Amino acid sequence: MSEGHSGAGFPARGIAYLDRRFVPMEEAKISIATHAFNYGTGCFEGIRGYWNSEREEVYLVKLQKHFQRLLNSTRLFRIDIGHDLQQLCDVAIEVVRRTGYREDVYVRPIAYKASPVIKVGLLHLQDGFCCFSAPMGAYFDITRGLVVTVSGWRRNDDNAIPARAKATGGYINAALAIADAQEAGFDEAILLTGDGHVSEGSAANIFLVMSGKLVTPAVADDILVGITRGAILELAAKLGVPVVERRVDRTELYVADEIFLCGTGVQIAPVTKVDGRAIGEGKMGEITRALQDLYLAAVHGEVEEFMDWLTPVYANRSR
Ligand SMILES: Cc1ncc(COP(=O)(O)O)c(C=O)c1O
């Protein structure tokens, strides 16, 4: 996702949360000496809310799962977030509710090392937590296929900067890969693990369709264990499509019947070309389409069976 204040991103707005207070976004400021700004010592989440105009409701998707992952990241990075799971969910709901969104939204909570000190480490530092939001439509045009390349940059290793934890500093790896891919005219980069197996995209997990089965890199292949990836496992079970989680060779990308990327931002985005080779028939495949349709219906609150994925903001009933 291109972020920031240029026209290319999704500018943050409305009411933010910082130091246990809800404040207008313009007042949510931290020092340039903040440890996390200097050393990347933060971890974060990206949570989507979908506007359902019929019910006049914003549905936050898999809210508890996102904050559970944030709590896991904070354990790894020794950050005391100072809020329990329910309090974190309530902050996200309030940020959206107080801003008054009547459109799709993206919520960004960050837990971070807040001390204004020059010292590498994680111990004996103050911890901070903030949360803000931005309106967000499609990250990619998911009706057309993405043209991707296998990046020369390798995914950061679990024993270097664990991808399992969504660390702010770790995203320099994704940034290098996507920037070089875009400069070379591709939409997205696929990163390999240090030992050359498929890991994931710059901000998305990857699935291949091979002989009617879904194949996706296992959780030990230096991936962020995506919440959307988990949702796809549920959708595949409903559609009766078998899923295999295993190591994936680079060349399997070139011979797959279908490929798609998935994530909170990208949703379910078909890939139709990898390194100049057309995937399948060079257009969105049938299984990708079925999963995309069901996913988009579910996150908009149109599938009864998956309503427990959603937390309504305005009815404010946490599920
Ligand atoms: C590196 C990376 N992998 C995978 C994902 C997908 O994760 P999720 O489905 O939880 O959004 C993301 C999402 O932002 C990501 O940044």
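Quantities reported herein were computed from a predicted structural model and do not represent experimental measurements.

**Concerning the site of the ligand**
Lining the immediate surroundings of the ligand are 17 residues, of which Tyr171, Glu200, Ile227, Thr228 and Thr264 lie closest. Between the ligand and the protein, one listed contact pairs an oxygen atom with a backbone N or O atom of Ile227 at 2.7 Å. Thr264 is positioned with one of its side-chain polar atoms (N or O) 2.6 Å from an oxygen atom of the ligand. Within the complex, 97% of the 390 Å² of free accessible area of the ligand lies under protein. Elements with a minimum of two residues in the shell around the ligand: α2 (63-76), α5 (227-239) and β14 (258-263). Taken together, the residues that form the shell around the ligand break down as six nonpolar, seven polar and four charged.

**Side note on the domain arrangement of the protein chain**
Structurally, the protein chain comprises domain 1 (13-135) and domain 2 (146-299). Summarising the inter-unit geometry, the C-alpha centres of domain 1 and domain 2 are found 26 Å apart. Domain 1 puts 21 residues into the contact, and the matching count from domain 2 is 18 residues. When the two sides are added together, the surface that domain 1 and domain 2 hide from each other amounts to roughly 1600 Å², 64% of it contributed by carbon and sulfur. Of all residues in domain 1, Phe44, Tyr50 and Arg69 bury the most surface against domain 2, accounting for 37% of the area lost on that side. If you look at where domain 1 meets domain 2, you find one salt bridge. A salt bridge links Glu234 to Lys62; the nearest nitrogen and oxygen atoms lie 2.6 Å apart. Connecting domain 1 to domain 2 are 10 residue pairs in polar contact (both at pLDDT 80 or more).

Criteria and cut-off values
- Residues numbered from 1 in each chain as written.
- Predicted model: local features only at pLDDT ≥ 70, side-chain atom pairs only at ≥ 80, totals over all residues.
- Heavy atoms only, no water.
- Near = heavy atom within 4 Å.
- Polar contact = N/O pair within 3.5 Å; in protein donor to acceptor, adjacent residues only side chain to side chain.
- Areas by Shrake-Rupley, 256 points an atom, 1.4 Å probe, with all protein chains shown as cover.
- Helix = DSSP H or I, 4+ residues; strand = E, 2+ residues; numbered from the N terminus.
- Nonpolar A, V, L, I, M, F, W, Y, C, P; charged D, E, K, R; others polar.
- Domains from an automatic or database assignment.
- Contact = heavy atoms within 4.5 Å.
- Buried area = accessible area lost by both parts, 1.4 Å probe.
- Salt bridge = Lys/Arg side-chain N within 4 Å of Asp/Glu carboxyl O.

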